[in-house]
Amino acid sequence: MDVIVIGGGIAGIATAYQLHAAGHRVCVVERHATVAQGATYGQGGALLPSPLDVWFGPTFMASSRSKQSGMMVKTGFDSAARDFLKRLASLRDPEAFVAQYAHLQPLVDMSRRVLADIESRLELDFEQRRGVLHVFRQPRELEDAQPAIDLLKGCGVPYRQLTPEECVAIEPSVPDFPEFAGGVLLPEERTANCPLFTKQLKQVLEDEGVQFRMHRSVTSLRLDGARAAVELAESHEGKKRGADVELITADAIVVAAGTGTPGLIGGIESASSLFALRVHTLTAPVAYEERAPHLTVVDSIKRITMTRINQRLRVSGAGVFQSASKSDKPLDATLSRRALDLLGQGTHDWIPGAARVSAARAWDGLRLITADGLPIVGATRHPRLFVNAAHGPAGWGLACGSAKVVADLVSGVTPDIPASVLAALGVARF
Ligand SMILES: Cc1cc2nc3c(=O)[nH]c(=O)nc-3n(C[C@H](O)[C@H](O)[C@H](O)COP(=O)(O)OP(=O)(O)OC[C@H]3O[C@@H](n4cnc5c(N)ncnc54)[C@H](O)[C@@H]3O)c2cc1C
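Just so it is clear, the model here is predicted, and its values are computed rather than measured.

A.B. asks: Hey, could you run me through the domain arrangement of the chain in this one?
C.D. replies: Much of the literature gives interface size as the accessible area that the parts lose upon coming together. Looking at the chain, the domain boundaries give domain 1 (2–40 + 196–270 + 373–429) and domain 2 (50–91 + 129–189 + 272–370). Tallying the contact residues gives 17 residues for domain 1 and 13 residues for domain 2. Together, the buried faces of domain 1 and domain 2 total about 1,300 Å²; carbon and sulfur atoms form 64% of this surface. Taken together, the links from domain 1 to domain 2 amount to 0 salt bridges. Taken together, the connections running from domain 1 to domain 2 amount to 3 residue pairs in polar contact (both at pLDDT 80 or more).

A.B. asks: Got a minute to help me understand the pairing of strand 14 (residues 304–309) in this structure?
C.D. replies: A regular strand carries its side chains on alternate faces of the sheet. Within strand 14, 6 of the 6 residues are buried, which leaves it mostly tucked inside the rest of the structure. Burial along strand 14 is two-sided: Ile304, Met306 and Arg308 facing one way and Thr305, Thr307 and Ile309 facing the other are all buried. Direction of pairing for strand 13 (residues 296–299) relative to strand 14: antiparallel, over a ladder of 3 bridges. Within strand 14, the residue paired with aspartate 299 across the bridge is isoleucine 304. The pairing of strand 14 with strand 15 (residues 312–322) spans 5 bridges and is classified as antiparallel. Its bridge partner being in strand 15, threonine 307 is matched across the sheet by arginine 314. The hairpin formed by strand 14 and strand 15 contains 2 residues between the paired strands, and asparagine 310 there has a positive phi angle of roughly 50 degrees.

A.B. asks: Which parts of the structure should I look at to understand the sheet that holds strand 8 (residues 216–222)?
C.D. replies: Hydrogen bonds between backbone groups are what pair the strands of a sheet, and the pairing can be parallel or antiparallel. One open sheet holds the 3 strands; their spatial order is 8-9-10, and the pairing between them is antiparallel. Taken across any chain shown, the strands that pair with only one partner, and hence form the sheet edges, are strand 8 and strand 10 (246–250). Adjacent strand axes in the sheet meet at a mean angle of 30 degrees, parallel and antiparallel pairs treated alike. In the sheet, strand 8 pairs with strand 9 (residues 228–234) via 6 bridges, with the strands oriented antiparallel. Residue pairing across strands places leucine 221 opposite valine 230, the latter belonging to strand 9.

A.B. asks: I'm lost on the nonpolar core in this one. Help?
C.D. replies: Note on soluble globular proteins: their nonpolar side chains tend to be buried together. The biggest cluster of nonpolar side chains holds 87 residues, and the ones touching the most others in it are Tyr101, Phe197 and Phe321. Residue contributions to this core reach at least three from each of two domains, namely domain 1 (2–40 + 196–270 + 373–429) and domain 2 (50–91 + 129–189 + 272–370). Once residues within four sequence positions are removed from consideration, phenylalanine 321 is found in contact with Phe60, Met61, Met71, Met72, Val73, Lys74, Thr75, Phe84, Leu85, Leu88, Phe275 and Leu277. Judged by nonpolar contacts, the second largest core, of 30 residues, contains Val174, Leu185, Leu282 and Leu340.

A.B. asks: Would you mind showing me how to read the pattern of salt bridges here?
C.D. replies: Tallied over the entire structure, the rule returns 17 salt bridges. Of the charged contacts, one joins glutamate 188 and arginine 130 as a salt bridge, the two residues approaching to 3.1 Å between their closest N and O atoms. Pair noted here: glutamate 188 is in strand 6 (residues 182–191) and arginine 130 is in strand 4 (residues 129–136), with a separation of 58 residues, a long-range link. Taking relative accessible area as the criterion, glutamate 188 reaches 38% and is therefore assigned partly exposed. A relative accessible area of 49% means that arginine 130 is categorised as partly exposed. We note a salt bridge from lysine 202 to glutamate 206, for which the minimum N-O separation is 3.5 Å. Of the two residues, lysine 202 and glutamate 206 both sit in helix 9 (residues 194–207), 4 residues apart, roughly one turn of that helix. By relative accessible area, which is 15% here, lysine 202 ends up buried. Its relative accessible area of 40% is what places glutamate 206 among the partly exposed residues. In this structure, a network of salt bridges that share partners links the residues Asp2, Arg25, Arg227 and Asp251.

What counts, and at which threshold
Residues numbered from 1 in each chain as written. Predicted model: local features only at pLDDT ≥ 70, side-chain atom pairs only at ≥ 80, totals over all residues. Heavy atoms only, no water. Domains from an automatic or database assignment. Contact = heavy atoms within 4.5 Å. Buried area = accessible area lost by both parts, 1.4 Å probe. Salt bridge = Lys/Arg side-chain N within 4 Å of Asp/Glu carboxyl O. Polar contact = N/O pair within 3.5 Å; in protein donor to acceptor, adjacent residues only side chain to side chain. Buried < 20%, exposed > 50% of the residue type's maximum accessible area, 1.4 Å probe, protein only. Helix = DSSP H or I, 4+ residues; strand = E, 2+ residues; numbered from the N terminus. Pairing = 2+ DSSP bridges. Axes fitted to C-alpha atoms, helices over the stretch in contact; angles between N-to-C directions. Core = buried A, V, L, I, M, F, W, Y, C linked by side-chain atoms within 4.5 Å.

Laid out in structure tokens, this is it:
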């Protein structure tokens, strides 16, 4: 079959890889000149989410104060945005959290298998590191995290719950003062460079004949003809420009266009179910080698991830929930400063002296997050249209497993995940 994949982020490239592996002729359309320029560019490195990492559950935004939650809420009177947060907050209930996480776990397992397969076939080096340490400041916070910690065992994720002394012994960059409550070590979980992997995979695909239409923006989908088609325009901020418009046809289309996805597939009552969340990163040079962490350190409550990537430290988090009408505009300078301060403070608290924050490069980007915490993966009401998007904080590895699910569906093969999970991930739930 001829398949068009829209989007050159990790979701699009991983989908193209699986479709090509399944024997389809694939064309990837990306509006930028190169791949990995959207949320994929800014990712914090955590490869696969554990129950402690997802952006829903008992500890996520448990406090309304940004200094405690690590997130900033500026929704104003936007009722859809407030509604979205209410729905997300309902997953703080431990039972609701456990039930919802059960829908994600099969996708995490699938993603682990898919990544292992790609790594063994292609032998790529994309700066993989092993070992993630979640740290908790207050005993109460550790108690709140207990349902997620219990789930680690249920999901078969190796872990060790550590006292503060054990945390410091295992990761000496974490200071023993001021006191903190303890940590959870995930010795097998990994971090890696997602943009690098995306570019490597693109190169492999290009060498094998997959077509890439870069600098082309999809302005609309046409699904009413005998074949599906997309309308392409040269990328001038994605606007149609008379003579530049071109039509390409295919047997199927996969939309993996990050925040561009809802606009292309339509039919989602956007704001209260789906949110384009602005998230920040600081990439700083290592300041003192002996203070730089060898494990990835995560402030578990604030969801601030501190990852070493060669001679740099990447610190990511500080989501800003603001009115949907503002999400595609640059963040106001004061808010931006406050978000970056949250990351700087996290670095100072947990790995002091490790990163030269004053010389850090700041970045922020939008990532699509759903009110039920699950991505949108699978078929749509139209038999030629498929989606791989909205992975929220966890698209790095998860998009790779989702890519296999989507490629199976395009090929008419039943994916190796339970039907109930497939239904929970589907766009029809909106
Ligand atoms: C600061 C930050 C930190 C993060 N940290 C982590 C982490 O540690 N671990 C993790 O797993 N995840 C993390 N994430 C999330 C992860 O980066 C995303 O889930 C993932 O990259 C999403 O990939 P994507 O391909 O769906 O979207 P994107 O990377 O945004 O790609 C979508 C692509 O589609 C293109 N596109 C859109 N519309 C059109 C159109 N009409 N025509 C043509 N092209 C189009 C865009 O140009 C873009 O290149 C983080 C995200 C951010 C922003």
